Amino acid sequence: MRKRIKVSVAIATYNRADMLRQAIEAALAQTRPPDEVVVADDASTDHTWPMPEELARGEPRLRLFRRERQSGCSEHWS
């Protein structure tokens with residue numbers, strides 16, 4: 001019996017609404033779809049945040065995290 005490997009995709013973002021949509025859609029459309037796509041927003045100040053919230057309503061594999069204040073690259077992944 002083969003073990004099924006779980007696949008997660010992590011996407012960090014800051015003020016990249018258009019690129020974020022493309023990244024999420026590309027991850028979900030892979031030949032071997034991921035078990036989860038985790039999006040971590042570093043307190044974007046543009047319209048980045050509403051878009052993944054909308055996508056998450058219809059996509060249970062999408063997990064969202066948002067910082068309330070910008071932390072920068074190194075803290076964002078901790």
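Further up the page is the structure itself.
Computed from a predicted structure; not experimentally measured.

Cut-off values and rules
- Residues numbered from 1 in each chain as written.
- Predicted model: local features only at pLDDT ≥ 70, side-chain atom pairs only at ≥ 80, totals over all residues.
- Heavy atoms only, no water.
- Pairing = 2+ DSSP bridges.
- Helix = DSSP H or I, 4+ residues; strand = E, 2+ residues; numbered from the N terminus.
- Axes fitted to C-alpha atoms, helices over the stretch in contact; angles between N-to-C directions.
- Contact = heavy atoms within 4.5 Å.
- Parallel < 35°, antiparallel > 145°, perpendicular 65-115°, else oblique.
- Nonpolar A, V, L, I, M, F, W, Y, C, P; charged D, E, K, R; others polar.
- Buried < 20%, exposed > 50% of the residue type's maximum accessible area, 1.4 Å probe, protein only.
- Salt bridge = Lys/Arg side-chain N within 4 Å of Asp/Glu carboxyl O.

1. Notes on the sheet that holds strand β3 (residues 62-66)
And step 1. Here we have three strands laid out as an open sheet, ordered β1-β2-β3, and parallel in their pairing. In the strand order of this sheet, the two ends are held by β1 (8-13) and β3, each with one partner. Within the sheet, the average angular offset between the axes of one strand and its neighbour, ignoring direction, is 15 degrees.
And step 2. Across five bridges, the pairing between strand β2 (residues 36-41) and β3 is parallel. Bridge pairing links A40 to F65 in β3.
And step 3. Here helix α1 (residues 17-28) sits on the sheet and contacts β1, β2 and β3; the angle it forms with β1, its principal contact strand, is near 175 degrees.

2. Some remarks on the packing of α1 against helix α2 (residues 50-57)
How two helices pack is summed up by the angle between their axes together with the distance between the axes.
And step 1. Between α1 and α2, the shortest axis-to-axis distance is 9 Å and the interhelical angle comes to 25 degrees. Relative to α2, α1 is oriented roughly parallel. The segment α1 lies against α2, with A17, L20, R21 and I24 engaging M51, P52 and L55.
And step 2. Its residues assigned to classes, the contact of α1 with α2 shows six nonpolar, no polar and one charged.

3. A few points about unusual backbone geometry
And step 1. The phi dihedral of N15 falls on the positive side, at around 55 degrees, and the residue is not glycine.
And step 2. Inspection of the secondary structure puts N15 in the loop between β1 and α1.
And step 3. Residue classification places N15 among the partly exposed positions, given a relative accessible area of 22%.
And step 4. With a phi angle near 60 degrees, A43 is a residue other than glycine that sits in the positive phi range.

4. Here's the deal with the pattern of salt bridges
And step 1. For the structure on display, the rule yields six salt bridges.
And step 2. Salt-bridge contacts for R66 lead to D41; the nearest nitrogen and oxygen are separated by 3.1 Å. Of this pair, R66 sits in strand β3 while D41 sits in strand β2, and the two are 25 residues apart along the sequence.
And step 3. Residue classification places R66 among the partly exposed positions, given a relative accessible area of 40%.

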